[in-house]
Structures are given as structure tokens and as C-alpha cells.
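A look at the structure
The residues making up each chain are set out below.
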Amino acid sequence: MAAPRLSGTQCIAMDSNSQSNYKLSKTEKKFLRKQIKARHTLLRHEGIETVSYATQSLVVANGGLGNGVSRNQLLPVLEKYGLVDALLMPPHKPYSFVRYRTAEEAKKAYVTLNGKEIVDDLGQKILLYLNFVEKAQWKELGLQALPPGLMVVEEIISSEDEKMLLESINWTEDIDNQNVQKYLKHRRVKHFGYEFHYENNNVDKDMPLPGGLPGICDSFLEKWLKEGFIKHKPDQLTVNQYEPGHGIPAHIDTHSAFEDEIVSLSLGSEIVMDFKHPDGVTVPVMLPRRSLLVMTGESRYLWTHGITPRKFDTVQASKGLQSGIITSDVGDLTLSKRGMRTSFTFRKVRQTPCNCSYPLVCDSQMKETPPSFPESAREASQLEQDYVHRVYEEIAEHFSSTRHTPWPRVVEFLKSLPCGSLVADVGCGNGKYLGVNKELYMIGCDRSQKLVDICRERCFQALVCDALAVPLCSGSCDACISIAVIHHFSTAERRVAALQELVRLLRPGGRALVYVWAMEQEYNKKKSKYLRENRISQGKEEGTSSDTAMPELLVEQVPNVGSRDSECCVSSVTDLPEGGHKARTVTNAKLPVHTNRTSFPSQDLLVPWHHQGNPGEGKPGHPAGAHDPGPVFHRYYHVFCEGELEATCQTLNSVSILQSYYDQGNWCVILQKV
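Sequence order as written defines the numbering, with residues in each chain counted from 1. Note on the predicted model: pLDDT of at least 70 is required for a residue's local features to be given, and 80 or more for side-chain atom pairs to be given and counted; whole-chain, interface and lining totals, by contrast, use all residues. No hydrogens and no water enter the side-chain calculation; it runs on all heavy atoms of the structure.

- Within an unreviewed UniProt entry, the label attached to the protein chain reads tRNA (carboxymethyluridine(34)-5-O)-methyltransferase ALKBH8, and the organism entered is Canis lupus dingo.
- UniProt positions are given in the numbering used here, feature names are shortened, and annotations may be inferred rather than shown by experiment. Regarding the protein chain, the UniProt comment filed under Catalytic activity (unreviewed entry) reads as follows: "5-(carboxymethyl)uridine(34) in tRNA + S-adenosyl-L-methionine = 5-(2-methoxy-2-oxoethyl)uridine(34) in tRNA + S-adenosyl-L-homocysteine".

1. Some words on the overall build of the protein chain
- Counting from the N terminus, the helices are the DSSP runs of H or I reaching at least four residues and the strands are the DSSP runs of E reaching at least two. Helices and strands together make up the secondary structure of the protein chain, namely 13 helices and 34 strands.
- Exposed residues in this analysis have more than 50% of their type's maximum accessible area, buried residues have under 20%, and partly exposed residues fall in between, with area computed by a 1.4 Å probe over protein chains only. By residue count, 55% of the 674 residues in the protein chain fall in the buried class.
- A sequence separation of at least 24 residues applies to 73% of the contacts in the protein chain between residues at least 6 apart.
- For accessible areas, the Shrake-Rupley method is used with a probe of radius 1.4 Å. Any residue's cover is judged against the shown protein chains and nothing else. As displayed, the protein chain offers around 29200 Å² of accessible surface, 50% of which is attributable to carbon and sulfur atoms. The contact rule is simple, with two residues in contact once any of their heavy atoms fall within 4.5 Å.

2. Some words on the sheet that holds strand E24 (residues 422–426)
- Any two strands between which DSSP finds at least two bridges are classified as paired. If you walk across this open sheet you meet the seven strands as E26-E25-E24-E27-E28-E34-E33, and the pairing is mixed. The open sheet has two edge strands, strand E26 (462–464) and strand E33 (655–662), and neither has a second partner. If you compare each strand with its neighbour and ignore which way they point, the axes differ by 15° on average.
- The pairing of E24 with strand E27 (residues 477–483) spans three bridges and is parallel. Fitted lines through C-alpha atoms give the axes, limited to the stretch in contact for helices. The angle between two N-to-C directions lies from 0 to 180 degrees.

3. A closer look at helix H9 (residues 408–415)
- Taken together, the buried positions of H9 are Val410, Val411, Phe413 and Leu414. Projected onto a plane normal to the axis of H9, the buried residues spread over an arc of 160° and lie on a single side. When the buried face of H9 is taken as reference, the exposed residues oriented beyond 90 degrees from it are Glu412 and Lys415.
- Of the surrounding elements, those touching the buried residues of H9 are E24, strand E25 (441–446), E27, strand E28 (506–517) and strand E34 (666–673). The arc refers to the directions leading from the helix axis to the C-beta atoms.

4. Some thoughts on the packing of aromatic side chains
- Stacked, edge-to-face and tilted are the three classes for Phe, Tyr and Trp ring pairs, Trp counted by its six-membered ring, which pair at centre distances within 6.5 Å; planes under 30 degrees apart are stacked, over 60 edge-to-face, the rest tilted. For the structure shown, the criterion picks out 14 aromatic pairs.
- Pairing Trp224 with Phe346 gives two aromatic rings, centres 6.1 Å apart and planes at 80°, and the pair type is edge-to-face. Here Trp224, found in helix H6 (residues 218–226), pairs with Phe346, found in strand E23 (residues 341–349); they are 122 residues apart in sequence, far enough to count as distant.
- When its relative accessible area of 3% is taken as the criterion, Phe346 is described as buried.
- Between the aromatic rings of Trp517 and Tyr637, the centroid separation amounts to 4.9 Å while the plane-to-plane angle is 65°, which identifies the pairing as edge-to-face.

5. Describing the pattern of salt bridges
- A pairing counts as a salt bridge when a side-chain nitrogen of Lys or Arg comes within 4 Å of a carboxyl oxygen of Asp or Glu. Per the stated rule, a full pass over the model turns up 13 salt bridges.
- Where Arg290 meets Glu155, a salt bridge forms, and the shortest distance between an N and an O atom there is 3.1 Å. Linking Arg290 in the loop between strand E17 (282–287) and strand E18 (292–295) with Glu155 in the loop between strand E8 (150–153) and helix H5 (159–168), this pair joins segments that are 135 residues apart in sequence.
- Two residues, Lys233 and Glu222, come together in a salt bridge whose shortest N-O distance is 3.2 Å. Of this pair, Lys233 sits in the loop between H6 and strand E13 (236–242) while Glu222 sits in helix H6, placing them 11 residues apart in sequence.
- Residue classification places Lys233 among the partly exposed residues on the basis of a relative accessible area of 35%.
- Taking relative accessible area as the criterion, Glu222 reaches 42% and is therefore assigned partly exposed.
- Look at the salt bridges and you will find they share partners, linking Glu155, Glu162, Arg289 and Arg290 into a network.

6. Section: the sheet that holds strand E1 (residues 50–51)
- Spatial ordering of the open sheet is given by E1-E7-E2-E4-E3, a layout of five strands whose pairing is antiparallel. Two strands in the sheet have a free side with no partner beyond their single neighbour: E1 and strand E3 (84–88).
- Alignment of E1 against strand E7 (residues 129–133), held across two bridges, turns out to be antiparallel. Following the sheet pairing, Val51 is matched in E7 by Phe132.
- In this fold helix H3 (residues 71–79) packs onto E3 and strand E4 (95–100), with an angle of close to 150° to the strand it touches most, E3.
- Strands in contact with helix H4 (residues 103–113) are strand E2 (57–61), E4 and E7; relative to E7, the strand with the most contacts, it is inclined by about 155°.

7. Topic: the pairing of strand E32 (residues 632–638)
- Here E32 lies mainly inside the structure; six of its seven residues are buried.
- Pairing of strand E31 (residues 604–610) with E32 involves seven bridges; the strand directions are antiparallel. Its bridge partner lying in E32, Pro608 is registered against His634.

8. Focus: the confidence of the model for the protein chain
- Confidence scores here are pLDDT values: one per residue, from the predictor, ranging 0 to 100. Here the protein chain averages 80 in pLDDT, and 78% of its residues register 70 or above.
- In the model, residues 534–588 has pLDDT below 50 throughout and makes 190 contacts with residues more than four positions away in sequence or in other chains.
- This model gives residues 614–629 a pLDDT under 50, and the stretch forms 22 contacts once residues within four places in sequence are excluded.

9. Some words on the pairing of strand E16 (residues 271–276)
- Counted residue by residue, E16 has six buried out of six residues, so it is predominantly covered.
- What you see with E16 is no split at all: Ile271, Met273 and Phe275 on one side and Val272, Asp274 and Lys276 on the other are buried throughout.
- Two strands pair when backbone bridges link them, and E16 and E17 are joined in this way by six bridges, in the antiparallel orientation. Bridging from a neighbouring strand, Lys276 pairs with Thr282 of E17.

10. So, helix H10 (residues 449–457)
- Here H10 has its buried residues at Leu451, Val452, Ile454 and Cys455. For H10, the buried positions fall inside an angular range of 155° around the axis, keeping them on one side.
- At its buried positions, H10 is contacted by helix H8 (377–401), E25 and E26.

11. A look at the nonpolar core
- Take the buried residues of types Ala, Val, Leu, Ile, Met, Phe, Trp, Tyr and Cys, join any two whose side-chain atoms come within 4.5 Å, and each joined set is a nonpolar core. Grouped together as the largest cluster of nonpolar side chains are 32 residues, with contacts concentrated most on Val426, Cys480, Leu499, Val514, Leu645 and Leu652.
- Residue assignment for this core shows that the elements contributing at least two residues are E24, E25, E27, helix H11 (492–505), E28, helix H13 (644–649), E33 and E34.
- Looking at this core, the element that brings in the most residues is H11, giving six residues.
- For Leu645, the contacting residues outside a window of four places in its chain are Leu499, Val514, Val516, Phe640, Trp667, Cys668 and Val669.

12. Here we look at the state of the cysteines
- Throughout, disulfides are identified as pairs of cysteine sulfur atoms within 2.5 Å of each other. In total, this model carries zero disulfides according to the counting rule given.
- For the unlinked cysteine Cys362, the closest cysteine sulfur is that of Cys354, found at 3.8 Å.
- According to the relative accessible area criterion, Cys362 is buried, its value standing at 0%.

13. Comments concerning a positive patch on the surface
- Exposure above 30% relative accessible area and the lack of any salt bridge qualify a residue for a patch; like charges then connect within 9 Å, and the nonpolar side chains Val, Leu, Ile, Met, Phe, Trp and Tyr within 5 Å. In this charge count, Lys and Arg are treated as positive and Asp and Glu as negative; neither His nor the chain ends contribute. Lys charges are placed at NZ, Arg charges at CZ, Asp charges at CG and Glu charges at CD. Residues Lys23, Lys26, Lys29, Lys30 and Arg33 make up a contiguous surface patch of positive charge.
- Positionally, Lys29 belongs in helix H2 (residues 26–46).
- By relative accessible area, which is 42% here, Lys29 ends up partly exposed.

14. Section: the environment of Glu394
- With respect to the secondary-structure elements, Glu394 resides in helix H8.
- Overall, Glu394 belongs to the partly exposed group, its relative accessible area being 46%.
- Sequence-wise, Glu394 and Phe633 are 239 residues apart; in three dimensions their C-alpha atoms are separated by 8.6 Å.
- Setting aside residues no more than four positions away along its own chain, Glu394 makes contact with His611 and Phe633.

15. Describing the packing of H8 against H10
- Where H8 contacts H10, the axes come no closer than 7 Å and their chain directions differ by 35°. Of H10, the residues touching H8 (which contributes Tyr392, Glu393, Ala396, Glu397, Phe399 and Ser400) are Gln449, Lys450, Leu451 and Ile454.
- The residue makeup of the contact of H8 with H10, split by class, is five nonpolar, two polar and three charged. For this classification, the nonpolar set comprises Ala, Val, Leu, Ile, Met, Phe, Trp, Tyr, Cys and Pro, the charged set comprises Asp, Glu, Lys and Arg, and every other residue, Gly included, is treated as polar.

Set out below in C-alpha cells:
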């Protein structure tokens with residue numbers, strides 16, 4: 001139901017908190033509450049300050065590209081009330097700015113459109129909430145360049161050739177045919193020459209598929225070679241057919257598997273592909289229909305590439321620009337609905353080890369091999385020593401620089417404790433929670449000497465110890481917190497022991513707050529900030545980063561324009577004790593290395609930390625250059641499935657679970673000792 005229409009005088013007066021004798025109905029009060037909520041959200045999370053008097057400019061909450069509202073859809077609605085000088089639509093944001101020629105026109109739109117119901121391109125109803133701003137502005141990013149070594153060639157084939165290529169792929173033939181055909185989630189895949197294995201982005205070089213590449217491709221490949229678009233004739237082809245709205249995780253094709261050229265032909269529909277540098281820079285690149293993408297050098301070996309699953313892409317509104325970077329010109333952005341897309345990706349299988357210029361991210365040149373899942377307590381302890389404790393000692397200073405803003409619900413817990421409470425922060429890191437509530441007596445402990453030193457420099461009480469053996473008396477603490485710690489223990493038994501140690505410290509009636517990283521980085525059809533962030537500061541890898549995520553302005557009005565079905569792929573190291581969360585045992589398996597800012601492929605994995613600063617000085621073999629990613633360290637994590645943390649806590653002695661919840665990519669519980 002659309003919100004009630006209020007007169008201009010009433011709207012302006014009530015926005016300025018002036019007194020009025022006008023008696024509001026229940027529906028009008030509800031509308032005003034939502035309008036005020038939108039205004040406060042814009043100020044708190046975006047720094048957009050609204051004003052209570054009429055100006056030429058308005059901010060339109062819920063009328064943004066991030067809500068699935070396109071420029072072609074919103075602009076005609078706004079133009080009904082006056083001459084629009086500019087409509088600014090920031091990418092991925094749930095709001096936009098409109099500037100009218102006069103303040104009177106803006107006031108007319110404010111009165112008439114506030115609470116107006118429109119239907120987005122997905123057919124979902126959205127209510128608009130308008131507020132005046134002094135100036136419509138958006139801080140634009142600097143001009144970006146394509147990743148080095150990346151090229152997009154438009155109209156590489158004709159529409160007739162496109163039709164011929166699409167018709168040449170027989171998706172109905174038997175799966176036992178000589179060319180491997182698979183049905184993955186939301187896409188169909190066919191391999192020629194060699195089967196491409198998605199679990200490790202590699203091929204089995206000793207098992208070529210019979211038949212080679214389709215003959216229909218020969219003439220195109222010869223032409224591209226002759227014209228200089230490619231340097232090698234490929235011997236492997238993967239054909240993917242994508243349903244609208246779905247994509248592929250960010251990845252780098254394995255260095256040792258393929259030569260320095262990955263070539264992809266886009267057919268059927270245009271798409272925006274995201275390229276991400278290890279330092280956090282993201283470059284969205286438009287791949288038009290019938291275009292050829294060629295990745296060589298740095299863009300092939302160092303940058304990840306992927307397609308975000310969503311129904312619409314943010315694209316340039318002007319027709320002049322086809323391929324290339326999607327610029328940050330908010331006055332020229334709109335939405336483009338995705339269609340069925342088929343890609344022909346050609347590669348040349350490498351027969352010798354890779355000797356590229358990026359040894360720190362090259363599997364052929366890496367000296368270390370990923371560790372295996374631990375099969376004993378000794379192996380578990382060694383794994384944690386190598387891939388948790390030693391890593392945090394190496395990255396302590398950089399890690400601390402990314403950990404400065406306390407998470408709101410942790411602060412809420414600490415501020416709810418009685419004055420004078422003794423609180424232990426087990427795994428305190430740089431101590432960002434030790435000074436949150438000055439009325440508490442807090443002591444921190446951490447395994448990292450360097451992080452404890454940082455705490456002491458900040459005049460906090462902290463000591464070095466193991467979270468499995470905290471040197472405090474049993475029953476001495478009124479409360480404990482364990483934030484992003486338990487997930488670093490590599491077996492179920494050690495995770496249980498760490499939780500039991502927290503309970504030991506508590507007095508009867510004492511409470512403990514525990515946060516662990518969640519397997520489900522998309523929950524209730526919402527992505528965590530970990531998945532949503534585009535430009536990031538590397539190192540903010542825990543479930544919730546140091547900044548709180550911006551919520552939708554009005555949750556009930558935000559459509560699901562970028563969902564990805566999440567699966568809990570349980571591959572835990574060992575089973576919990578009887579009655580706990582069941583997980584299958586994995587033995588003799590290497591721990592996978594996670595691709596940052598993507599969904600987790602398994603529960604036990606290594607998460608890269610790209611070190612910044614001047615970490616490479618004086619170290620041999622450290623490549624120089626503007627795009628040098630710095631040393632890459634890997635930290636072990638066990639990410640928790642829904643219900644797993646609660647089930648683990650239920651195995652503890654003398655404990656009741658007061659509350660459990662999901663908080664921006666983390667599973668959380670509040671325990672009480674009974």
C-alpha cells in the first residue's frame with residue numbers, strides 16, 4: 001500500500017521537528033518513521049546529511065541501482081514534476097540524487113513522490129523516500145585503467161558466425177560422449193581437448209580427450225593468430241552456458257596448467273567481469289556480445305577474474321561506450337538485465353613449469369606445499385603453530401592497522417555488564433575491545449607476543465598465553481569474550497577444549513560471548529560485507545571487517561538482485577563428540593587455499609593475507625614494481641556451518657546457551673555458566 005500524501009507544508013514542518021496541530025493517522029506516522037529512518041541511515045553509513053528546508057536537490061532512498069532501479073525507470077518518474085538537471089546513481093548503492101532546475105520543482109517532487117510505490121525491473125514493489133540535501137554529490141573514484149595485459153576486442157565475429165557457433169554445441173547428446181559434458185549448478189559445461197577440473201582450476205595433461213577442438217573453431221583461431229590477437233593456437237576449450245543471474249567465483253587459472261594466454265569469446269549476451277588485484281583494487285570490465293577477451297601477463301597471472309551472480313549489471317547509460325572499464329561517472333550509470341550467455345574459453349596447456357614474474361603467487365615457483373588435514377593432536381598443534389601463530393607474529397603490525405573499529409554487538413555485550421566486572425578477552429589481538437567500557441576491569445591474552453606488545457603500548461593489561469591454558473584462576477571472571485578465535489583451532493576436540501577453557505574462567509552466572517566465522521556468507525538472501533565489498537583494504541579477512549556494513553535503507557523494500565545459492569559443504573577435520581554437529585572425516589587431503597571475497601568451498605581452508613608496507617625489503621626474490629602484492633601468508637580457518645557452534649557448546653559442562661545469532665558473516669553465542 002502506498003504511503004499517504006502529506007501537504008508540502010506538513011512535510012517540511014515535520015522534517016524540521018516544528019510543532020504542528022495536525023493530527024497524524026497511524027499510517028502517516030508509520031510513513032514518517034520510515035522516512036526518518038532512511039535519513040538517519042544515510043547520515044550514519046554514508047555521511048549524507050539531509051536538510052529540513054527545500055532545495056534544488058533530493059536524495060531518493062530506495063531509488064538506486066543497488067535496489068534494482070534503473071535510470072530508464074526512475075528518470076521518467078522524476079521528470080513529471082519538473083526539469084531534471086542531473087540524476088546521479090552511484091554504483092551498487094540503494095539511493096540516488098536528483099537535482100531540479102528550481103527548488104519549487106524539487107519541493108513538488110518531494111511532496112508527491114514521498115512514499116510513492118514503483119515497480120522495479122524484477123517486478124518487485126519499492127517505496128521511495130525523499131529528503132532534501134544541500135548539494136547532490138558523490139565522491140568518484142579516480143580514473144582506472146585496464147589491468148596490464150588485458151585486451152577486449154569488440155565484434156570479433158559476425159552475428160551469423162555467432163549463431164553458427166551456438167548451434168554447433170549439442171547440449172542434448174549423451175553425457176558419455178567423447179567430449180566431457182557436465183551440468184553444474186546454474187550452468188552447463190562442455191570440454192574439448194582436455195577436461196577442465198573446477199576443483200583445482202587444472203587439467204590432467206596425461207588424459208587428453210579424443211577429437212581435439214571442434215573443427216568449426218579452426219578458421220576463427222587461424223584468423224586471430226594472423227591478426228595478432230593471440231600468439232598460441234589453443235588445444236583446450238571449455239564452453240559454459242550461463243543462466244541469467246548467475247556467475248563464476250573470482251579465480252586465477254592455475255599457472256602451471258596453461259600458457260600465458262587465456263582467451264574468452266562472449267556469445268548471446270553482454271556481461272560485466274570483475275578483475276581484482278591482491279591489493280584490493282577492483283576493475284569492472286564490460287564484455288560485449290561477440291567480443292574477445294584476451295588475458296596475458298599480469299592480468300592473467302596476478303589478477304583474479306570472476307562474474308558476480310546478479311540479475312542486472314551496472315553499465316554506462318550512454319551508447320557510445322561498449323567494451324572496457326565501467327567508469328564511476330554516476331551521471332551515466334544504469335542497469336542492464338542479463339540474458340543467457342555462452343562463453344568459449346580457449347587455453348594452451350603448458351608442458352613445462354611456469355617461470356612467470358610473480359613467484360609469490362605461482363604454484364610452479366612456490367616452495368611450500370599446502371598442509372594436509374591433521375590426523376592427530378600433534379599434527380593439529382603443528383598446523384596451528386605454522387599457519388596461525390607464526391603468521392600472526394609476522395603480520396602483527398599490519399593486522400593491527402586493520403583492526404580499529406569494535407564490532408557493535410560486541411560493544412553492546414560489554415556495555416551491558418555491571419560496573420566493576422572482571423572480564424577476560426581471550427585472543428585479544430591488538431586490544432580493540434579492552435578499552436570499550438571504562439567501568440570494567442579487563443585483561444587480554446593472546447598467543448602473539450607482538451600483538452600483546454601493541455596492547456601494552458596502548459596501556460592495556462595483556463599477557464601472552466595459549467587459549468587452551470589461560471593462567472587465570474577458575475571461576476575468577478564475571479565475563480569472557482572470544483572474538484574470531486575458536487575458528488583457528490583445527491580439530492573439533494581442540495575447539496571444544498577452547499570453549500571449555502572459557503567456561504572454566506567464569507564464575508557461576510558469568511557470561512561468555514563467542515564469535516566464529518560462518519560458512520554461510522550469504523544468509524536470509526543477504527550477502528555479508530565480506531562478499532559485498534568491492535574496494536577493500538587487504539587483511540580485513542575476518543567475517544566482519546573493521547567497519548560495520550551498511551544495511552539496506554528499508555529492509556522490506558530491498559529486492560534480491562544479487563543472490564547466490566549457498567551450500568554448506570561440510571568437510572570438517574573430525575566428528576564432534578556424540579550429540580554434536582555431525583561432520584564427515586577427511587583424511588590425507590590437502591587444505592584448499594581460499595580465494596578472498598568469495599563463498600567458502602569447504603569448512604577447513606587456508607585464507608591468504610596479502611602483507612603491505614615494506615615487507616619485502618632485504619628479502620631475495622621479492623619482485624619490485626607498482627603492482628607488487630607483497631608476501632602472501634596463509635592462515636588456517638575452520639568456518640562454522642549453521643547450528644555447529646550451538647551444537648559444540650551443548651557438549652560443554654555446566655553451560656546454558658542464552659542467545660545465538662548471525663552477525664554479518666559470523667555465528668555467535670552468549671553462554672552462561674550454571
